[in-house]
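# Coordinate inspection notes
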Amino acid sequence: MDSIDDIQEAVVKYMDRGIVLVIADLLSLITVSSCLFIKVPQINTIRENKSSKGISILGLCLELFSYTVMMSYNYTNRYEFLSYMEYPILLLQEYVLIYFAFKYQNLLGLRTKIVAVLYVIIAVLIYLRLFPLVILQFLVPFCTPIGATSKVLQLIAILRTKDASSVSRTTWALSAFTNMTRIYTVYVQSHDWMLLSNFLISTFLSSSVFLAACVYKKKTKKE
């Protein structure tokens, strides 16, 4: 009976936080769950086609930079892990995606390996909280234009080649959805306007890439 009472008391205390925060937690869980496989369709598409045509390499690198800075910013500021848990998940998938994109465009040379080593060193410093917070605070405002640029470059790559055969519509639809849910959770939990502006712009651009991929997938099927 005591254990049941304890559970009921914990539930009551949790619900006392208010329905707005409960919904925010639920959306966070949905977002994180979606991010567990958000890049997998894109990775599989490239692997099956053995081609990364229509994929913007510069866009992927900018996206990697944006994810890294945003996760580091949240981590260093000790925000609730649930509010940014998707970033480490996205980063792991981004590494795999970049590997295959680079592989099929013959870009896995010495320069790429040197940059990868430098990236790992910086990531370790951030994890140990030895990386200066002031640098992260300086970089965060740039994540919105950089993240937006990565999506714009992907959109341009599709429009230029008029070929979305290597672009996964599922990945971009999930990207738009998860960015949309974060607009609500960030507003409710932290009111961080830098993060909010990032997610607002990301939602719009991810939706644009998804629509472009739909248009040119249909066209390539007709040809």
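The rules behind each value
- Residues numbered from 1 in each chain as written.
- Predicted model: local features only at pLDDT ≥ 70, side-chain atom pairs only at ≥ 80, totals over all residues.
- Heavy atoms only, no water.
- Helix = DSSP H or I, 4+ residues; strand = E, 2+ residues; numbered from the N terminus.
- Buried < 20%, exposed > 50% of the residue type's maximum accessible area, 1.4 Å probe, protein only.
- Contact = heavy atoms within 4.5 Å.
- Areas by Shrake-Rupley, 256 points an atom, 1.4 Å probe, with all protein chains shown as cover.
- Salt bridge = Lys/Arg side-chain N within 4 Å of Asp/Glu carboxyl O.
- 1 Å grid on protein atoms, 1.4 Å probe; cavity = no way out; pocket = protein on both sides within 12 Å on 5 of 7 lines; lining within 4 Å.
- Points joined across faces, edges and corners; volume = space filled by probe spheres on them.
- Nonpolar A, V, L, I, M, F, W, Y, C, P; charged D, E, K, R; others polar.
- Expected span 1.5 Å × (residues − 1).

### Brief notes about the overall build of the protein
Check the secondary structure of the protein and you find 9 helices and 0 strands. For the protein, the N- to C-terminal ordering of α and β elements is α-α-α-α-α-α-α-α-α. Within the protein, the proportion of its 223 residues that are buried is 43%. Across the protein, the fraction of contacts at a sequence separation of at least 24, relative to all contacts at a separation of at least 6, is 83%. A total accessible area of about 12,300 Å² is found for the protein, and carbon and sulfur atoms account for 70% of it.

### Topic: the pattern of salt bridges
This structure, assessed with the given rule, holds 2 salt bridges. Among the salt bridges present, the one from E63 reaches K39, with a minimum N-O distance of 3.0 Å. Placement of E63 in helix α4 (residues 57-76) and of K39 in the loop between α2 (19-35) and α3 (40-49) is noted, with a sequence separation of 24 residues between them. Looking at E63, the relative accessible area reads 6%, which means it is buried. Residue K39 is joined to E94 by a salt bridge in which the shortest nitrogen-to-oxygen separation is 3.3 Å. Residue K39 is located in the loop between α2 and α3, and its partner E94 is located in helix α5 (residues 86-103); the two are separated by 55 residues in the primary sequence. Taking relative accessible area as the criterion, E94 reaches 0% and is therefore assigned buried. Where salt bridges share partners, they join K39, E63 and E94 into one cluster.

### A few points about the layout of surface pockets
In this structure, the largest pocket spans a volume of roughly 650 Å³. Considering the residues around the largest pocket, the lining is formed by 23 residues, among which L64, I98, V115, A116 and Y119 are closest to the centre. When contributions to the lining of the largest pocket are tallied by element, the ones reaching two or more residues are α4, α5, α6 (110-127) and α7 (133-161). Tallying contributions element by element places α6 first for the lining of the largest pocket, with 9 residues. Considered class by class, the residues forming the lining of the largest pocket number 20 nonpolar, 3 polar and no charged. Each pocket or cavity is described by its volume, and for the second largest pocket that value is around 200 Å³. Lining of the second largest pocket is provided by 13 residues; of these, M71, Y75, A123, I126 and Y127 occupy positions nearest its centre. Those elements that provide at least two residues to the lining of the second largest pocket are α4, α5 and α6. Here the residues of the lining of the second largest pocket are counted per class, giving 11 nonpolar, 2 polar and no charged.

### Let's talk about α6
Helix length check: α6, at 18 residues, gives a terminal C-alpha distance of 26 Å against a target of 26 Å (1.5 Å per residue), a fit within 8%. With its phi angle positive at about 60°, R129 sits one or two positions after the end of α6.

### Some remarks on empty space enclosed by the protein
What the rule picks out here adds up to 2 cavities of 30 Å³ or more. Within this model, the largest cavity holds a volume of roughly 190 Å³. Taken together, 19 residues form the lining of the largest cavity, with Y67, Y87, L90, N179 and F199 sitting closest to its centre. Looking at the lining of the largest cavity, the elements that each hand over two or more residues are α2, α4, α5, α7, α8 (169-189) and α9 (193-222). In terms of residue class, the lining of the largest cavity is made up of 6 nonpolar, 9 polar and 4 charged. One number sums up the size of the second largest cavity: a volume of about 150 Å³. Around the second largest cavity sit 16 residues that line it, and K39, L60, E63, Q154 and W172 are the ones nearest its centre. At the level of elements, α4, α7 and α8 are the ones that each hand at least two residues to the lining of the second largest cavity. In terms of residue count, the dominant contributor to the lining of the second largest cavity is α4 (4 residues). Looking at the lining of the second largest cavity, its residues break down into 6 nonpolar, 7 polar and 3 charged.

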